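# What the coordinates show
Now for the letters of each chain:
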Amino acid sequence: MLNAFRRKFRIAFQRTVVLAVMAAIFVLGYSYINLEFCYKIMSQNSLTYMCKKYKNLEYSGSLCEELCTNEDSFRDFKCPQNEMRTTVFTAEKNGDVYAIKLSRHIKDDLSWTNSLGNQVYPKIENFHRIVKMHITLSYNVTLDDNMIRALVNQEIDKNNPQQMFNFWRLFKDNNYMMSKLFDEENLFPTILGSCGPYYATENLNILKTDQSLLQYLSFDWHKRLKFALSIMEYIFRLDEIKPEPLKIIKYQSAEYVQVESQLDRHLSNGQNCEEDSDCNWHSCMGLCDHKKSQCIGIQQNNNMQIFCDHILRGGGLFPGLLASAKTPKTLMKLVKNCIDPSKSPNYHLPERPYAANTELALRLYNEMKRLQKAASNRDRT
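Rules used throughout
Residues numbered from 1 in each chain as written. Predicted model: local features only at pLDDT ≥ 70, side-chain atom pairs only at ≥ 80, totals over all residues. Heavy atoms only, no water. Helix = DSSP H or I, 4+ residues; strand = E, 2+ residues; numbered from the N terminus. Buried < 20%, exposed > 50% of the residue type's maximum accessible area, 1.4 Å probe, protein only. Contact = heavy atoms within 4.5 Å. Phe/Tyr/Trp six-rings, centres within 6.5 Å; stacked < 30°, edge-to-face > 60°. Salt bridge = Lys/Arg side-chain N within 4 Å of Asp/Glu carboxyl O. Core = buried A, V, L, I, M, F, W, Y, C linked by side-chain atoms within 4.5 Å. Domains from an automatic or database assignment.

This paragraph deals with the environment of lysine 180. The residue lysine 180 is located in helix H6 (residues 174-181) in this model. Taking the relative accessible area as the measure of exposure, lysine 180 reaches 26% and is therefore partly exposed. Taking C-alpha positions, lysine 180 is 8.0 Å from leucine 151, a pair spaced 29 residues apart along the chain. The contacts of lysine 180, once residues within four sequence positions are left out, are Leu151, Asn153 and Ile191.

In structure tokens form, the structure reads like this:
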């Protein structure tokens, strides 16, 4: 009987070792494939392709010259170190890390074919007017002609008008435009240059916290409370932007930030619906007119509600910054009111029942600030 037990134990141990080895091979293989895939995109499909287009005068921009003619100016090319998939690759120059991104593909076509079969593009002055109109309609921002010319940077070669289309791709890319239009407010990563549809921004490190049971043991609770306060202050700034607030659609990058009127137009576009959730777009809550079965309402929540729900509370595999046993019940009660402020008129904005109002937001902020100060005082003593 003892021999049988030993045999079973040995077989179980051998199986465990085999499974561990297979898991290690899988992890190493996945890592290698991922790095190799990224390397191919970076060196072959991106950098090499970009420089080829620049050599053929199809791409233009200051970044082209930096990346393609001064080969020694950049070094330490790497795959992106984040999971947002907005960066193609990173590279270092003079101690600064550039994040190289690619504007999204568009179906628009600025050119037309004349009677001779030649591609014709707008004159540069007309292109400026097209860009100006696009910015006014999409962002409710009116720029004067000098600012439009500065935005285009006058880097389009008149002898190669096809370069115009790549600039148009940049202007249709929300991530690029948000960074450009609100550059002085320092809300988004600074644009450092462009090359055709590619553009570079300063590379920012992505905030990471423990997403495991260790988080609930509260080892870094004060640190996460500090992060939460910083994000909350950032959201206050978004709400104060003129001529109208900036709205978070998803908490990933500037690609998912829009001006309020632009977002409300999208949510009230009249699409068919049966319930309110059919009108939701990413983290933004819509409203369904049940008589007409159409989405007609403005956004029902706001940045603060999204922040409380997805960042402070979180859920599933992504526990929030305050998802800890150490978080006081009084604070979590404020967070819950922020997530669903519709139950009291003192908690939400008029016409937006799931939008936490300023009074509730300040109560939450002040309570977090008080807890942070108390923790700092304890650390000093």
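Summed over all chains, the structure comprises 9 aromatic pairs. Note on phenylalanine 77 and phenylalanine 89: the rings are 5.8 Å apart at their centroids and 40 degrees apart in plane angle, and the pair reads as tilted. One end of the pair, phenylalanine 77, is in strand E1 (residues 75-78); the other, phenylalanine 89, is in strand E2 (residues 89-93), with 12 residues separating them in the sequence. For phenylalanine 77, a relative accessible area of 31% corresponds to the partly exposed category. Where phenylalanine 127 meets tryptophan 168, the ring centres are 6.4 Å apart and the plane angle is 70 degrees; that geometry is what we call edge-to-face.

A few words on the pattern of salt bridges. Counted according to the given criterion, the structure contains 10 salt bridges. For arginine 75, the salt bridge goes to glutamate 92, with nearest N and O atoms at 2.8 Å. Placement of the pair is arginine 75 in strand E1 and glutamate 92 in strand E2, with a sequence separation of 17 residues. Overall, arginine 75 belongs to the exposed group, its relative accessible area being 51%. With a closest N to O distance of 2.8 Å, glutamate 367 and arginine 370 form a salt bridge. With glutamate 367 and arginine 370 both in helix H11 (residues 358-380) and 3 residues apart, the pair spans about one turn of that helix. By relative accessible area, glutamate 367 is classed as buried at 15%. Ionic contacts of the salt-bridge type, sharing partners, join the residues Lys247, Glu260, Asp264 and Arg352 into one network.

What follows concerns the nonpolar core. Soluble globular proteins tend to pack their nonpolar side chains together in the buried interior. Counting 61 residues, the largest nonpolar core has Phe127, Ile135, Phe171, Leu246 and Leu364 as its most contacted members. The element best represented in this core is helix H7 (residues 221-239), accounting for 7 residues. Mapping this core onto the domain boundaries places at least three of its residues in each of domain 1 (8-205) and domain 2 (213-262 + 301-379). Those residues in contact with leucine 364 that sit more than four places away from it in its chain are Met232, Cys308, Leu312, Leu331, Leu334, Val335 and Cys338. Among the nonpolar cores identified, the runner-up in size contains 16 residues, and Phe89, Tyr98, Cys195 and Ala200 belong to it.

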